[in-house]
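The lines below spell out each chain.
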Amino acid sequence: MADPQGFLKTRERELPARRPVPVRIRDWKEVYEEQELGQLQRQAGRCMDCGIPFCHSGCPLGNLIPEWNDLAWKGDWREAIERLHATNNFPEFTGRLCPAPCETACVLGINQPAVTIKQVEVTTIDRAFDSGYVLPQAPERLSGKTVAVVGSGPAGLAAAQQLTRAGHTVAVYERADKPGGLLRYGIPEFKMEKSVLDRRIAQMEAEGTRFRSGVDVGTDVTGKQLRDRYDAVVLAIGATVPRDLPVPGRELDGVMQAMEFLPPANRVALGETVPGQVTAEGKDVIVIGGGDTGADCIGTSHRQGARSVTSLEIMPQPGEERSPNQPWPTYPMLFRIASAHEEGGDRVYAASTKQILGEDGKVSGIQVVDVRLGEKGFEEVEGTERVLPAQLILLAMGFLGPQGTGVVEQLEVELDERSNVKRDRNYMASVPGVFVAGDAGRGQSLIVWAIAEGRSAAAGVDRFLTGHSALPRPVNPTDRPLVV
């Protein structure tokens, strides 16, 4: 246990300060300032080392949270990163991007603010990189087996690193010009600077993982060619088909999906030139969707100089406390203020889009109406129709599943009723030797689930190639988050 009286002596939850809004919206750097180390260690000391640590159940990776909280409190950072890496290949990603279901499952959170698990995690890995503790772990011997991983998001990277360390020769295919998937061009710099991704890619390359960027599997290389060339194939292509908005005016110029808007913005933030880029500069921006992708659009619009930003969400505004039907230790729907929301703009809840208005083929506004939940779903509230000005409308309503054409079609793998790729308990698709990890099989989910699935699928591939496997398997394909 860290400090036996830590949770009694330090009852408040302390996080690093965010940089001042007027300063941070002028650049693309991460929003958080460095936390004073003593303060962080006091927070780690609040961990109670519970007899049954429910934080383990909240996190699909099974992170050994009380152990590395104790080591961080003691200042044993070398051993802390060993405990952290034992279950998580990429704590620098989850420590920045995960919504931390471990914290909502923290036992201390029953009657106090939860331990700042996520901040202890990211501090541990950043200190480890700075101190030279994160070294390549090349395999002792090669198996002679080859694996192609399609997609270099968190699931693909986790599977690739595990399989490389097991001795297989792994090639990761990525259709973008650099590896990382949405970690690189979907996540804005102000949430995770790409130097964080690059240092991990460098470690993987030093271990022997090969990256084939700029290769669109399904076009440049066919599924059959992959099957002929490699002993196994892992599909980690994500759930990239966006949910659309079928209302009049959807076709107008200036209405676009979030993932048409964010990648060019991220490239420009990294110093690239993107011809024809659509920006929010000087525009009234409407973001439809209140999740993380919507928040990314809001923060990006602020940095591009939007005149106004309004976020629309069809669901009613959640409360600031757990509702009775979402008790501890489940992950509750709460009213949360992301850094992007803090930077300005309006958040409108319980509002539905009736139509998009335009002039000369370009969007000029959006007609919305208030709604409430009734017996037959959402019902319009009479007399609440109104028009909001808009010259840019961004759709951030989530994703339906993986792209069904291309490699999925070529490999002739079966899909389930939700258009995800079917897999058995070992993550193998209906075609022998083809495995599926992450959102392509699970559906849109969290980064911790993607990494957990990548690790688990790697164990399935290893067993398929060698007849046995010592690789960890934190989750099954049918596992789901904690629910009541």
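Residues numbered from 1 in each chain as written. Predicted model: local features only at pLDDT ≥ 70, side-chain atom pairs only at ≥ 80, totals over all residues. Heavy atoms only, no water.

Participant: Go over the overall build of the chain, please, and point to the residues and values.
Facilitator: A count of helices and strands for the chain gives 19 helices and 16 strands. At 23 Å, the chain has a C-alpha radius of gyration in line with the 23 Å of a compact globule built from 484 residues. Each principal axis of the C-alpha distribution contributes one length, and for the chain these read about 70 × 60 × 50 Å. Relative to its full complement of 484 residues, the chain shows a buried share of 53%. Entry remark: accessible area of the chain is about 21700 Å², with carbon and sulfur atoms responsible for 50%. Side-chain charges in the chain split into 54 positive and 64 negative, and the spacing between the mean points of these groups amounts to 3 Å. (Helix = DSSP H or I, 4+ residues; strand = E, 2+ residues; numbered from the N terminus. Rg over C-alpha atoms; globule rule 2.2 N^0.38 Å. Buried < 20%, exposed > 50% of the residue type's maximum accessible area, 1.4 Å probe, protein only. Areas by Shrake-Rupley, 256 points an atom, 1.4 Å probe, with all protein chains shown as cover. Lys, Arg positive; Asp, Glu negative; His and termini not counted. Charge placed at Lys NZ, Arg CZ, Asp CG, Glu CD.)

Participant: Run through the environment of Asp-177, naming residues and quoting values.
Facilitator: When you line up the elements, Asp-177 lands in the loop between β2 (169-174) and α11 (182-185). Residue classification places Asp-177 among the partly exposed positions, given a relative accessible area of 40%. On a C-alpha basis, the gap between Asp-177 and Val-475 in space is 31 Å, while along the polypeptide they are 298 residues apart. Among all residues touching Asp-177, those that are not within four sequence positions of it are Tyr-185, Ser-213, Gly-214, Arg-267 and Glu-272. Polar contacts involving the side chain of Asp-177 include one to the side chain of Tyr-185, which spans 2.9 Å. Here Arg-267 takes part through its side chain, which lies 3.0 Å from a polar atom of the side chain of Asp-177. (Contact = heavy atoms within 4.5 Å. Polar contact = N/O pair within 3.5 Å; in protein donor to acceptor, adjacent residues only side chain to side chain.)

Participant: How would you summarise the pairing of strand β11 (residues 362-374) if you had to cite specific residues and measurements?
Facilitator: Inspection of the sheet shows strand β10 (residues 351-359) paired to β11 by eight bridges, in the antiparallel sense. Pairing of Leu-357 across the sheet is with Gly-365, part of β11. From the end of β10 to the start of β11, which pair antiparallel, there are two residues, and Asp-360 there has a positive phi angle of about 55 degrees. Of the strand pairs in this sheet, β11 and strand β13 (residues 386-389) are connected by four bridges, and their pairing is antiparallel. Its bridge partner lying in β13, Ile-366 is registered against Leu-388. Where β11 lies against strand β12 (residues 377-380), four bridges are found, and the strand directions are antiparallel. Its bridge partner being in β12, Leu-373 is matched across the sheet by Phe-378. Hairpin connection of β11 to β12: two residues between the antiparallel strands. (Pairing = 2+ DSSP bridges.)

Participant: For the nonpolar core, give the residues involved together with the corresponding values.
Facilitator: In terms of nonpolar packing, the biggest core is built from 70 residues, with Phe-93, Val-147, Leu-157, Leu-183, Met-192, Val-234 and Val-461 touching the most fellow members. Tallying contributions element by element places helix α19 (residues 447-466) first for this core, with eleven residues. For Leu-183, the residues in contact, after removing those within four places along its chain, are Phe-93, Leu-97, Gly-153, Pro-154, Leu-157, Met-192, Lys-194, Leu-197 and Ile-447. Ala-148, Val-221, Leu-411 and Val-413 belong to the second-largest nonpolar core, a separate cluster that totals 21 residues. (Core = buried A, V, L, I, M, F, W, Y, C linked by side-chain atoms within 4.5 Å.)

Participant: Can you explain helix α6 (residues 77-85)? Please cite residues and give values.
Facilitator: Three or more residues of α6 are buried, namely Trp-77, Ala-80, Ile-81, Leu-84 and His-85. One face of α6 carries all of its buried residues, which in axial projection span an arc of 125 degrees. (Arc of directions from axis to C-beta.)

Participant: Residue-level account of the packing of aromatic side chains, with values.
Facilitator: Tallying each qualifying case throughout the model produces six aromatic pairs. Residues Phe-435 and Phe-464 carry aromatic rings whose centres are separated by 5.6 Å and whose planes lie at 65 degrees to one another, so their mutual orientation is edge-to-face. Residue Phe-435 is located in strand β16 (residues 434-436), and its partner Phe-464 is located in helix α19; the two are separated by 29 residues in the primary sequence. Judged by relative accessible area, Phe-435 falls into the buried class, the value being 0%. Above the face of the Tyr-185 ring, Arg-267 is positioned so that its terminal group lies 3.9 Å from the ring centre. (Phe/Tyr/Trp six-rings, centres within 6.5 Å; stacked < 30°, edge-to-face > 60°. Lys NZ or Arg CZ within 6 Å of the ring centre and 35° of its normal.)

Participant: Any details on the pattern of salt bridges? Residues and values, ideally.
Facilitator: Taken as a whole and assessed by the stated rule, the structure comprises 28 salt bridges. Residues Asp-244 and Arg-250 are paired through a salt bridge, measuring 2.6 Å at the closest nitrogen-oxygen approach. For Asp-244, a relative accessible area of 40% puts it in the partly exposed group. A network of salt bridges, in which partner residues are shared, links Arg-18, Arg-24, Arg-303, Glu-342 and Glu-343. (Salt bridge = Lys/Arg side-chain N within 4 Å of Asp/Glu carboxyl O.)

Participant: Tell me what's going on with helix α10 (residues 154-165), and back it up with residues and numbers.
Facilitator: In this model α10 runs 17 Å from its N-terminal to its C-terminal C-alpha over twelve residues, within 8% of the 16 Å that 1.5 Å per residue would give. Summarising burial for α10: eleven of the twelve residues are buried, a large majority. Within α10 the residues assigned to the buried category are Pro-154, Ala-155, Gly-156, Leu-157, Ala-158, Ala-159, Ala-160, Gln-161, Gln-162, Leu-163 and Thr-164. Trailing α10 by a residue or two, Gly-167 shows a phi angle of about 105 degrees, which is positive. (Expected span 1.5 Å × (residues − 1).)

Participant: How would you explain the packing of helix α5 (residues 65-74) against helix α9 (residues 117-131) if you had to name every residue and give the values?
Facilitator: Relative orientation of the contacting elements α5 and α9 amounts to 65 degrees, with a least axis distance of 10 Å. Handedness of the crossing formed by α5 with α9: left-handed. Of the residues in α9, those touching α5 at Ile-65, Trp-68, Asn-69 and Ala-72 are Ile-117, Val-120, Glu-121 and Thr-124. Grouping the amino acids of the contact of α5 with α9 by side-chain chemistry returns five nonpolar, two polar and one charged. (Axes fitted to C-alpha atoms, helices over the stretch in contact; angles between N-to-C directions. Left-handed = near helix turned anticlockwise from the far one by under 90°. Nonpolar A, V, L, I, M, F, W, Y, C, P; charged D, E, K, R; others polar.)

Participant: So what's going on with the sheet that holds strand β6 (residues 255-257)? Residues and values would help.
Facilitator: Taken in spatial order, the five strands make up an open sheet running β6-β14-β7-β8-β9, and their pairing is parallel. The sheet terminates laterally at β6 and β9 (346-349), the two strands that pair on one side only. Neighbouring strand axes in the sheet, compared pairwise and without regard to direction, differ in orientation by 20 degrees on average. Relative to strand β14 (residues 392-395), β6 runs parallel, the two being bridged by three bridges. Across the sheet, residue Met-256 finds its bridge partner in β14, namely Leu-394. On the sheet, helix α14 (residues 258-269) packs against β6 and β14 and is oriented at approximately 75 degrees with respect to β6.

Participant: Provide a residue-level description of the state of the cysteines, including the pertinent values.
Facilitator: In total, this model carries zero disulfides according to the counting rule given. A disulfide-free cysteine, Cys-50 has its sulfur positioned 6.3 Å from the sulfur of Cys-47, the nearest such atom. With no disulfide of its own, Cys-98 has Cys-102 as its nearest cysteine by sulfur position, at a separation of 6.3 Å. Assessed through its relative accessible area of 5%, Cys-98 is described here as buried. (Disulfide = S-S within 2.5 Å.)

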